[in-house]
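# Report on the structure
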Amino acid sequence: MTNNFELDFSEDLCFCNYEKEAFKALDFILNKNGLGSKFLGWVTHPEVYDREEYSRMKKLSEKVKKSEVLVVIGVGGSFLGSKAVIKALKPYFKQDGLDIVFAGNNLSGDYLSELVEYIKDKDFFINVISKSGSTFETAVAFRVLKGVCEEKYGKEATNRIIVTTDAERGLLKEFSDRVGYETFCVPDDIGGRFSVLTAVGLFPIMCAEIDTDVILLGANDGLEEYTKKSLDNISLKYAIIRNAMFKDKKKEIEYLVAHEFKLAYLQEWWKQLFAESEGKKGKGLYVESAIFTRDLHSFGQMIQDGNKITFETIIEVENLKNDIIIPLIEEDFDKLNYLAKKSLNDINKVAVTATRKAHTDGDVPTVRIKVPKLDAYNIGKLIYFFEMSCAISAYMLDVNPFDQPGVDNYKKNMYQLLEKM
Ligand code: PA5
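The structure displayed is predicted, hence computed values, not measured ones.

Now for the site of the ligand. In the region of the ligand, 14 residues are neighbours, and S78, S130, S132, T135 and Q272 sit closest. A distance of 3.5 Å separates an oxygen atom of the ligand from a polar backbone atom of G192. Residue R193 places a main-chain N or O atom 2.9 Å away from an oxygen atom belonging to the ligand. Judged by the fraction of its atoms near the pocket grid, the ligand is located in the largest pocket.

Shown next as structure tokens:
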């Protein structure tokens, strides 16, 4: 087994036709001379991150791990990455140890009040994460949960609240300096959706007892492989496929398909990454996700037979940690004995091949990214793979990958309406 990812595409695409455009996009990233170039810190971050801060994070995580709950408050890029990694690498069913829960990513009073009930008699810490330090959803949840923390712990609450924000600016930074919270930094040159490999994602991930050293190792190998100016670079190839699908094949929707529920939040992170980075100037693929085989029994029909505006990117994990063997039973009431002694994961792989063939035959092109294992190393590398592809792909579309003017408009309207409430 190698540590390399593999990428294959169902169509006969001549990658060299897009070579010039893709290399130019990669040059923008490496030479920092494209749109939004002051937000390219994520490119080298896995190599050059602040070691002093990293050890502070590790030390504090040891304390947090001994408690019962960590509440991570944040929205968008400030929570999706850590949730994606934790869900991908931790067991499906809760075992002992710290429970990591998320808040500040919605405005549901029902959710927040249930969360308050859940934590109030438990031993808990809060990690509030906001680069700007003033995002509405995050600020509202923090105001409420900070109160719960202070009521329970009194002065000790100061040591229970950990702030991840800008190094110098913002309301949260000003307040935490005043109060004396432990603070980690969102680097100035890294935007929210590209920040999972900074303190934003790494601190909650550490608290979940996932080896962040190994995640960074995977990301570093990604940095070496996916910055190569070559058509063997599969991150660049994926960006080319997406552009070819959008511009030439007139596909409008890309489905990220996984056959493991553990990847459902990685899909959410991926959707945010690509949608917020590319959806500008009337351009960009609409990004969706599906978990197979579950969704084959719902909108699988639409993908197969409906409007031909979609293509699929399948993440296939080659080796999973756990498996189960189909039992042989004497009465064979369900007529499944022909599968007896076969592994369920192998049967799932047959489903991947069967679905892929059906969809390709039905004019739904499919890309497959094969990942050797679902572990810290491969997740780190996969995150880097998608970040790099996303930036290349956005530059190939001639949009700024690192701003989000549409989201800013929603925020402006929201504040105006709230003032009138
Ligand atoms: O990718 C982005 O920049 C956004 O999704 C932000 O992460 C999100 O809006 C939260 O912003 P902040 O971290 O400033 O609270």
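This paragraph deals with empty space enclosed by the protein. This structure, assessed with the given rule, holds one cavity of 30 Å³ or more. Here the largest cavity is characterised by a volume of approximately 30 Å³. Around the largest cavity, the lining residues are W42, H45, I190, F194, L197, T198 and E387. Taken together, the residues of the lining of the largest cavity sort by class into four nonpolar, two polar and one charged.

We now examine the packing of aromatic side chains. Considering all chains together, one arrives at 24 aromatic pairs under this definition. Geometrically, the ring pair formed by Y238 and F274 is edge-to-face, given 6.2 Å between the ring centres and 80 degrees between the ring planes. Placement of Y238 in helix 10 (residues 234–248) and of F274 in helix 11 (residues 264–278) is noted, with a sequence separation of 36 residues between them. Each member of the aromatic cluster is reached from another via a ring pair, and the members are F5, Y226, Y238, W269, W270, F274, F385 and F386. Here R51 stacks its cationic end above the ring of Y49, 3.9 Å away from the centre of that ring.

Below, the discussion takes up the nonpolar core. The biggest cluster of nonpolar side chains holds 92 residues, and the ones touching the most others in it are W269 and F386. Ranked by residue count, the leading element in this core is helix 14 (residues 376–396), at 13 residues. Non-local contacts of F386, meaning those with residues more than four positions away in its chain, are made with Y238, L256, W269, W270, L273, F274, I315 and I369. Among the nonpolar cores identified, the runner-up in size contains 23 residues, and V69, V116, F124 and A157 belong to it.

Another point: the pattern of salt bridges. Scanning the entire structure with this criterion turns up 26 salt bridges. For E288, the salt bridge identified is with K271, shortest N-O distance 4.0 Å. Here the residue E288 occupies a position in strand 8 (residues 286–291), and K271 occupies one in helix 11, the gap between them amounting to 17 residues.

Tracing the backbone shows T366 in strand 10 (residues 366–373). Considered as a pair, T366 and L256 are 110 residues apart in the sequence and their alpha carbons are 10.0 Å apart. Contacts of T366, omitting those with residues within four sequence positions, involve D8, F9, S10, E312, I314, R356, H359 and T360. At a separation of 2.8 Å, a polar atom in the side chain of T366 contacts the side chain of R356. A polar contact is formed between the side chain of T366 and the side chain of T360, at a distance of 3.3 Å.

Moving on, we come to the sheet that holds strand 8. Pairing is mixed in the open sheet, where five strands are placed in the order 1-10-9-7-8. Taken across any chain shown, the strands that pair with only one partner, and hence form the sheet edges, are strand 1 (6–9) and strand 8. For this sheet, the mean angle separating the axes of adjacent strands, direction not counted, is 20 degrees. In this structure, strand 7 (residues 253–258) lies alongside strand 9 (residues 310–319), joined through six bridges in parallel fashion. The partner of E254 across the bridge, within strand 9, is F311. Its contacts with the sheet place helix 10 against strand 1, strand 7, strand 8, strand 9 and strand 10, and it is angled at close to 25 degrees to strand 1. Helix 14 contacts strand 1, strand 7, strand 9 and strand 10 of the sheet and is inclined by roughly 150 degrees relative to strand 10.

A surface patch of nonpolar side chains, amounting to about 390 Å² of accessible area, comprises Y92, F93 and F261. Structurally, F261 can be placed in the loop between strand 7 and helix 11. On the accessibility criterion, F261 (44% relative accessible area) is partly exposed.

Calculation rules
Residues numbered from 1 in each chain as written. Predicted model: local features only at pLDDT ≥ 70, side-chain atom pairs only at ≥ 80, totals over all residues. Heavy atoms only, no water. Near = heavy atom within 4 Å. Polar contact = N/O pair within 3.5 Å; in protein donor to acceptor, adjacent residues only side chain to side chain. 1 Å grid on protein atoms, 1.4 Å probe; cavity = no way out; pocket = protein on both sides within 12 Å on 5 of 7 lines; lining within 4 Å. Sits in = over half its atoms within 2 Å of the grid points. Points joined across faces, edges and corners; volume = space filled by probe spheres on them. Nonpolar A, V, L, I, M, F, W, Y, C, P; charged D, E, K, R; others polar. Phe/Tyr/Trp six-rings, centres within 6.5 Å; stacked < 30°, edge-to-face > 60°. Helix = DSSP H or I, 4+ residues; strand = E, 2+ residues; numbered from the N terminus. Lys NZ or Arg CZ within 6 Å of the ring centre and 35° of its normal. Core = buried A, V, L, I, M, F, W, Y, C linked by side-chain atoms within 4.5 Å. Buried < 20%, exposed > 50% of the residue type's maximum accessible area, 1.4 Å probe, protein only. Contact = heavy atoms within 4.5 Å. Salt bridge = Lys/Arg side-chain N within 4 Å of Asp/Glu carboxyl O. Pairing = 2+ DSSP bridges. Axes fitted to C-alpha atoms, helices over the stretch in contact; angles between N-to-C directions. Patch = residues over 30% accessible without salt bridge, like charges linked within 9 Å, V, L, I, M, F, W, Y side chains within 5 Å. Areas by Shrake-Rupley, 256 points an atom, 1.4 Å probe, with all protein chains shown as cover.

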